[in-house]
Amino acid sequence: MKRSNWSSLITTLNELTHTGKLDWARYDPPDSLVSGTNHKVFGFYSTRFKDHRIGIYEMRHQVYSGEFDQLYWESNVQLDIFTEDFESLVAAPADVGVNDLYDTIKRKEAKLDDLFKGLDELEQK
């Protein structure tokens, strides 16, 4: 799939999520993402879009720095297409839009717009 197709998909998912036309559910991370690795998965969300199971999550993994002789953690947000059993079929290429989509999903889960709206109403009284 061309990168522009991925970018279009991610942009569409973000717009639909932002407008409330697409809902995401939070799940425990699938074992298939971390089994046999030193990876840690945080904030795994999934939705169905056009008969596809899509998941997005933050993946953290340790990296060794030979220069400083120590391990440190790196993280990235990943979007995958999954089977119904949450086995990853294909991962989207790295794209800034993935981070934006992940932030939109977390803002929706936290109901930040409602929180901020409530603050505005209090200040107007």
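What counts as what
Residues numbered from 1 in each chain as written. Predicted model: local features only at pLDDT ≥ 70, side-chain atom pairs only at ≥ 80, totals over all residues. Heavy atoms only, no water. Helix = DSSP H or I, 4+ residues; strand = E, 2+ residues; numbered from the N terminus. Buried < 20%, exposed > 50% of the residue type's maximum accessible area, 1.4 Å probe, protein only. Contact = heavy atoms within 4.5 Å. Pairing = 2+ DSSP bridges. Patch = residues over 30% accessible without salt bridge, like charges linked within 9 Å, V, L, I, M, F, W, Y side chains within 5 Å. Areas by Shrake-Rupley, 256 points an atom, 1.4 Å probe, with all protein chains shown as cover. Salt bridge = Lys/Arg side-chain N within 4 Å of Asp/Glu carboxyl O.

Visitor: Where do I start with the overall build of the protein chain in this structure?
Guide: Summing up its helical and strand segments, the protein chain has four helices and five strands in all. Reading the protein chain from its N terminus to its C terminus gives the helix and strand order α-β-α-β-β-β-β-α-α. With the principal axes as the frame, the protein chain shows a C-alpha extent of 60 × 40 × 30 Å. Within the protein chain, buried positions represent 32% of all 125 residues.

Visitor: Honestly, the environment of A91 in this entry has me stumped. Any pointers?
Guide: When you line up the elements, A91 lands in strand β5 (residues 88-91). The class for A91 is partly exposed, based on a relative accessible area of 41%. Sequence separation between A91 and T104 is 13 residues, and the spatial gap between their C-alpha atoms is 20 Å. Beyond its immediate chain neighbours, meaning those up to four positions away, A91 contacts W6, Q78, L79 and D80.

Visitor: What's the story with unusual backbone geometry in this structure? I'm lost.
Guide: Excluding glycine, a negative phi dihedral is what most residues carry, and trans is how most peptide bonds are arranged. In this model, K50 sits at a positive phi of 50 degrees, which is unusual for a non-glycine residue. Mapped onto the fold, K50 is located in the loop between β2 (40-49) and β3 (52-65). With phi around 65 degrees, D51 is a residue other than glycine that occupies positive phi space. Tracing the sequence through the fold places D51 in the loop between β2 and β3.

Visitor: Just to check I follow, could you spell out the pairing of β3 for this structure?
Guide: Looking along a regular strand, one sees side chains alternate from face to face of the sheet. Here β2 runs beside β3; their pairing, made up of eight bridges, is antiparallel. What sits directly across from T47, in β3, is I54. Taken together, β2 and the strand that follows it, β3, pair antiparallel across an intervening segment of two residues, in which K50 is found at a positive phi of about 50 degrees. Relative to strand β4 (residues 70-82), β3 is paired through 13 bridges, and the arrangement is antiparallel. The residue of β4 that forms the bridge with H61 is E74. Hairpin geometry of β3 and β4 is characterised by an intervening segment of four residues between the two adjacent antiparallel strands and by a positive phi of about 50 degrees at D69.

Visitor: I tried to follow a nonpolar patch on the surface on my own but got confused; where do I start?
Guide: A grouping of L115, F116 and L119 is seen on the molecular surface, where their side chains present a nonpolar patch of about 270 Å² in accessible area. Topologically, L115 is positioned in helix α4 (residues 112-124).

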